[in-house]
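Summary of the model geometry
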Amino acid sequence: MSAEKKYGRDVVIETIARLMIPFIQLYGLYVMMGTEGAGGGFQGGTIIAASFVLYVTAFGITSGRKKFPESWNAAFKCLGVYLYAGIGLLCIIFSLGVAEYLNYAAVPLSNIIGQADTRALMIADVVEIGIGMTVMAAFVSLFFDLAWKEESVKEEEGGAEE
Amino acid sequence: MLPIEQFPVLVVAISLLSAITILLAGGISKKSGFFISLATITFQFILSLFILRHVLTVGTIHYWLGGWRPPWGIEYVVDVLNAYVLIIVLFLSLLAAIYSKRSVEQEIEARKLPTFYTLFQLLVTGLAGVVVTGDMFNLYVFLEIASLAGYALIAAAGGRALRASYNYLILGALGICFYLLAIGFLYSVTGTLNMADLRVLLPALYANKAVQTAFVFAFIGLGIKCAIFPLHTWQPDAYTYAPSAISVIISTAMAKASIYALIRVIFSVFTVDFIILFAPIFKIICWMAAIAMIFGSILAIAQFDLKRMLAYSSIANVGYIMLGVGLSTSTTFGLTPALMHLLNHALMKGCLFMAACAFIYKAGLWDIRGFVGLGRKMPYTCFAFLLAALSMIGLPPSVGFVTKLYLILAALEAGEYIFVAVIFFSTLLMIVYFWHVVELMYIRVEEGGEKEIRVAEAPMSMVIPGLVLAVLCFIVGIIWLIGTPLPMMEAINSGFGLGVVVP
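About the criteria used
Residues numbered from 1 in each chain as written. Chains lettered and ligands numbered in written order. Predicted model: local features only at pLDDT ≥ 70, side-chain atom pairs only at ≥ 80, totals over all residues. Helix = DSSP H or I, 4+ residues; strand = E, 2+ residues; numbered from the N terminus. Buried ≥ 20, exposed ≤ 12 C-beta atoms within 10 Å, placed from the backbone. Contact = placed C-beta atoms within 7 Å. Axes fitted to C-alpha atoms, helices over the stretch in contact; angles between N-to-C directions. Parallel < 35°, antiparallel > 145°, perpendicular 65-115°, else oblique. Nonpolar A, V, L, I, M, F, W, Y, C, P; charged D, E, K, R; others polar. Core = buried A, V, L, I, M, F, W, Y, C linked by C-beta atoms within 7 Å. Expected span 1.5 Å × (residues − 1). pLDDT = per-residue confidence, 0-100.

**Things to note about the overall build of chain B**
- Broken down by element type, chain B carries 19 helices and two strands.
- Counting the 503 residues in chain B, one finds 58% classified as buried.
- Counting only contacts in chain B whose residues sit at least 6 apart along the sequence, the fraction spanning at least 24 positions is 79%.

Following this line, the structure appears as structure tokens:
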């Protein structure tokens, strides 16, 4: 018997969680990219990961895993690093090997909105989203690893079917 | 900017991108990891050859990441020493990657392969990063990337490897903390993390206690990573129980990158002047190295487990390198013997570990007492082992001979006759333990007379890297004796202000 079935579902916790989770995630996004200036990617990612922890606390770990499977987790982790390292590489490619790695002034946007704004956009938003994604996925997968073993739940699912 | 000046950052960035690509591609095909990793490391190795050529013909590469000026931004600096170590690290990583193909299939579950190769590629990323960076904190970050990947990879073998990896984790974390404290102290007094900038700012502050403490912390921290004699306790278990390919890469590429970091911090950040005036540790390094050379060899004799024997032999060989470092200020050879042995030991130990792991792969032989008749059963692997063992003992014109020759010349020139005796004694001990293995393989006859033995050689992907290294042991030895790379060594020495003896 899993812990979820033993304790049943609680209307109060579920409703509060339903109300809170969108706001927590919005706040995480705000921390990530809401203000001008660099920084906040790590913190924002942690806050969004916390919303998943709340979801699992309220709705149980099996449905949490269904909402956010491990393959998504791996994809998010990779996507974050791709965003960060890939844009750095794009700087070299777009400038045909003249600008340095991570030199955001070389991104073609700078013809439209100016060099300083391009740098600001890249550092404050795009790169922060990349960091946030990777941190969020890493925290969620850490949480699931600590809370739960893949095999044990498969057995439980098998038992439920019977 | 020349396109070639982009290469130092590409070596790191492409490796990082490839690491996560392996993880994603693992969702499609479990076996794709090996091929992506191999292709990336080959590409990195080719880049590193171009980097060396550029550094030798044009000059040091200074690369400002993001276009930010050095004291504020991160700078990658590749001079002759970096380029030389980068080639060693990537070449050994390449051979370890080829070697991993079949050995990993046996040792790691198929569903874990993508993660394994992701970590493997991250380890290579970290090592390449350690070697190309010119920033103290960036060095810390890359060392930590490499170490964390290393802990996980050692633990991947399961069983006893878990304990070995945990020991390494604790000691490695201690070491890296010491190094981080050193960076903190230096930053608090100078306000900069750039190595070249520190070198300019530090001389005025040499008498400062914080700087002296920082030196001690950095030395101990990196000393743990390199497994210098009294700080080596994590090393034998980690080398012994790691998966085959990981034993090869951590005993060669990773050990060499850590020793490079130590040399860089001692000679490039703190400089020889500081050490002679305020921290006279070269004498202590020499004696620690001498003890390591004898202690490691004696413990190696006591082992029956071949991988463990090689691990203790590594402690002795780190002693050789550190003896070269310790003697560097008092001879005209400077760092040449130490840097020579950096390459030489990587070649020899890589080959020996490859052979030892091939015996385990094919015949399940950990214990050398079971080696009787192995010379006929696995002829090529045993031949590679024999060549590398002879090279280790110091048969001319092998690389081991060249190292010992230069170290003895350096010790004679410095007037430290006791170390000449130590080198000879340690060579004698090496003959004992290596010849014991060779005798069991080739000469000893099984009880009950000769039996018909079927040839059961390890797979080609495991034999060929070993044979390549074994042959290189002798070719590189001849190249050293001809003296082609010696101008390169002199360039490194003059960059550090070594090679001139102050009476």
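**Quick look at the packing of helix H5 (residues 136–155) of chain B against helix H6 (residues 160–190) of chain B**
Residue and element names in this part refer to chain B.
- Interaxial distance between H5 and H6 falls to 9 Å at its minimum, and their mutual angle equals 175 degrees. Comparing their axes, H6 and H5 come out roughly antiparallel. Here Met-136, Phe-137, Tyr-140, Leu-143, Glu-144, Ser-147, Tyr-151, Ile-154 and Ala-155 of H5 come into contact with H6, specifically with Ala-161, Leu-162, Ala-164, Ser-165, Tyr-168, Leu-169, Gly-172, Ile-176, Tyr-179, Leu-180, Ile-183 and Leu-186.
- Split into classes, the residues belonging to the contact of H5 with H6 amount to 17 nonpolar, three polar and one charged.

**Describing the interface of chain A and chain B**
- Counting from both sides, the interface comprises 19 residues of chain A and, opposite them, 16 residues of chain B.
- Each residue belonging to the side of chain A that touches chain B can be placed in one class, and the counts come to 13 nonpolar, five polar and one charged.

**With respect to the nonpolar core**
- Ranked by internal contacts, the top residues of the largest apolar core, which has 238 residues, are Val89(B), Leu127(B), Ile154(B), Cys351(B), Ala388(B) and Cys473(B).
- Ranked by the residues each element gives to this core, the list is headed by helix H10 (residues 244–278) of chain B, at 19 residues.

**Re the environment of Thr190(B)**
Residue and element names in this part refer to chain B.
- Within the element layout of this structure, Thr-190 appears in helix H6.
- Between the alpha carbons of Thr-190 and Leu-202 there is a distance of 7.3 Å; along the sequence they are twelve residues apart.
- For Thr-190, the contacting residues outside a window of four places in its chain are Leu-198, Leu-201, Leu-202 and Leu-205.

**Digging into helix H18 (residues 460–482) of chain B**
Residues and elements named next belong to chain B.
- An ideal rise of 1.5 Å per residue puts 33 Å on 23 residues; H18 measures up with 32 Å between its terminal C-alpha atoms.
- Every buried residue belonging to H18 is among Met-462, Val-463, Pro-465, Gly-466, Leu-469, Ala-470, Leu-472, Cys-473, Phe-474, Val-476, Gly-477 and Trp-480, and all of these are buried.
- Packed against the buried residues of H18 are helix H3 (80–107), helix H13 (336–363), helix H15 (379–393) and helix H16 (399–414).
- Phi turns positive, to about 95 degrees, at Gly-483, one or two residues after H18.

**Digging into helix H8 (residues 209–226) of chain B**
Residue and element names in this part refer to chain B.
- Its 18 residues give H8 an end-to-end C-alpha distance of 26 Å, which sits within 8% of 26 Å, the value for a rise of 1.5 Å per residue.
- Listed in full, the buried residues belonging to H8 are Val-211, Ala-214, Phe-215, Phe-217, Ala-218, Phe-219, Gly-221, Leu-222, Gly-223, Ile-224, Lys-225 and Cys-226.
- On its buried face, H8 is in contact with H5, H6, H10 and helix H12 (306–327).
- Following H8 by one or two positions, Ala-227 adopts a phi angle in the positive range, close to 60 degrees.

**Considerations on the confidence of the model for chain A**
- On average, residues of chain A score 81 in pLDDT, and 85% of them are at 70 or above.
- Within chain A, the element-level pLDDT minimum falls on helix H8 (residues 150–161) of chain A, averaging 46, and the maximum on helix H3 (residues 41–59) of chain A, averaging 91.

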